[in-house]
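Structural description and commentary
Spelled out, the chains give:
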Amino acid sequence: MRYWCEHAWLDSSGVRSSVLVEESDGRITAVTPDSPCPPDAHRLAGLVLPGFANAHSHAFHRALRGRTHADGGTFWTWRTGMYALAGKLDPDSYLKLATAVYAEMALAGVTCVGEFHYVHHAPGGARYSDPNAMSEPLREAASAAGIRVTLLDTCYLAGGIDQPLSPEQSRFSDGSVDAWASRVSSLRSDSTLLAGAAIHSVRAVPRSVLPALVSAWPAGPLHVHLSEQPAENEACLATYGLSPTELLAEAGALSPRTTAVHATHLSTKDISLLGGSRTGACFCPTTEADLADGIGPARELVDAGSTLSLGSDQHAVIDPLLEARALEHGERLRTGQRGRFTPAELFSALTAHASLGWEPGFADLVAISLDTPRTAGCLPEQAMLVATGADVHTVIASGKVIAEDGHHRVGDVGRLLAEAIEELWR
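As a starting point, this report considers the structure included with it. (Residues numbered from 1 in each chain as written. Predicted model: local features only at pLDDT ≥ 70, side-chain atom pairs only at ≥ 80, totals over all residues. Heavy atoms only, no water.)

Moving on, we get to the sheet that holds strand E3 (residues 27-32). What the 8 strands build is an open sheet, ordered E3-E2-E1-E4-E13-E14-E15-E16; its pairing is mixed. Pairing within the sheet leaves two strands with one partner each, and these edge strands are E3 and strand E16 (407-408). Here 4 bridges tie strand E14 (residues 392-397) to strand E15 (residues 400-404), and the two strands are oriented antiparallel to one another. Along E15, the bridge assignment pairs Thr394 with Glu404. (Pairing = 2+ DSSP bridges. Helix = DSSP H or I, 4+ residues; strand = E, 2+ residues; numbered from the N terminus.)

Written out as structure tokens, the structure is:
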């Protein structure tokens, strides 16, 4: 298949015009700028970018959107509602919800998602006959939506630092690192799903077993929630005399294959440890704003050596373009300076598939209209600072059109979301 792009953002040379992209078996075989449009090519108007990578997702959190704002509250009170929702999930309901959520992502230009997955067992901790019964719906959902998923299977062993699991958390835990590693080893990777791993947080994985967890997953993506809330830092310092970042460094968990999610409340030493080890940082600006987490030191992390990625986390919003813009706007708000990140740097964060372990070269394309009320008159190279997901008109993943003009191949995404969410809350 051949795709002709009116404008396209190429890694090496920024935006070029009249770009012909050729693919075979879902992989890009040639990219030719300044090419006339062949009669048989699929024409993509506007600006074409590589597919977006949503590096941090909790798919079931989507059912909380618009249901957590009545009394303000805190991150911790929000978490109580999240636990109540998690307790309602089973494999069938999770498949319905995740399929709709991944289709919503596809409409916004996401072609690859990192699913930070910790709802492993039945409510109360009972085991399903298939130990990965709650993982397989995510594979099926991604396949139905036409996107790829890195399943970041999460180790979750404690209810907090020096605290036992609560009843609500029992279905998250395998009981030990060995049991977690045994279950994860049975996950099979394929063209839709890549098996990865996650340390839920230093709250949920005790210091004594962190090195064993890292050894149990010696290669492939490793993600971890890090310093999202000051209370996590305070408890870690009080118990261990170390920050969460220092604790992970001690365990050998920091490396180029590792991504620290949120990385909001960091010391100068923390930034140096993360950047010096080339550990990536995934910012989720709309979630961090929604939960009043704070604004992390993104520019300082990049300058120290970290690579940035972006995630929609609890899905208060699913719009990678808004996440990229919020990343830059957060920097402007906390420093009083514009242009903290160039459009090229935001482009890199939007398309950070390497943080999810996938090799480059997939024929993933996202076409953005440049003639909408939001984008009309903008320079193509600055479109990501004005466009939203509503301006995405065509999404191609692995060489196949999965969404076009606001319609996804699975059907009416709004209806599918409403039905799945209402069923959970009924």
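Moving on, we come to the environment of Glu359. Following the sequence through the fold, Glu359 ends up in the loop between helix H12 (343-350) and strand E13 (365-368). For Glu359, a relative accessible area of 57% puts it in the exposed group. Sequence spacing of Glu359 and Ser215 is 144 residues, and the spatial spacing of their C-alpha atoms is 23 Å. (Buried < 20%, exposed > 50% of the residue type's maximum accessible area, 1.4 Å probe, protein only.)

In this structure, Leu10 sits in strand E1 (residues 2-10). In the structure, Leu10 is positioned 19 residues away from Thr29 in sequence and 14 Å away in space, judged by C-alpha atoms. Once residues within four sequence positions are removed from consideration, Leu10 is found in contact with Arg16, Val19, Val31 and Pro33. (Contact = heavy atoms within 4.5 Å.)

Assignment of secondary structure puts Thr287 in helix H9 (residues 285-290). Each residue touching Thr287, except ones within four places of it in the same chain, is listed here: Asp293, Ser312, Asp313, Gln314 and His315.

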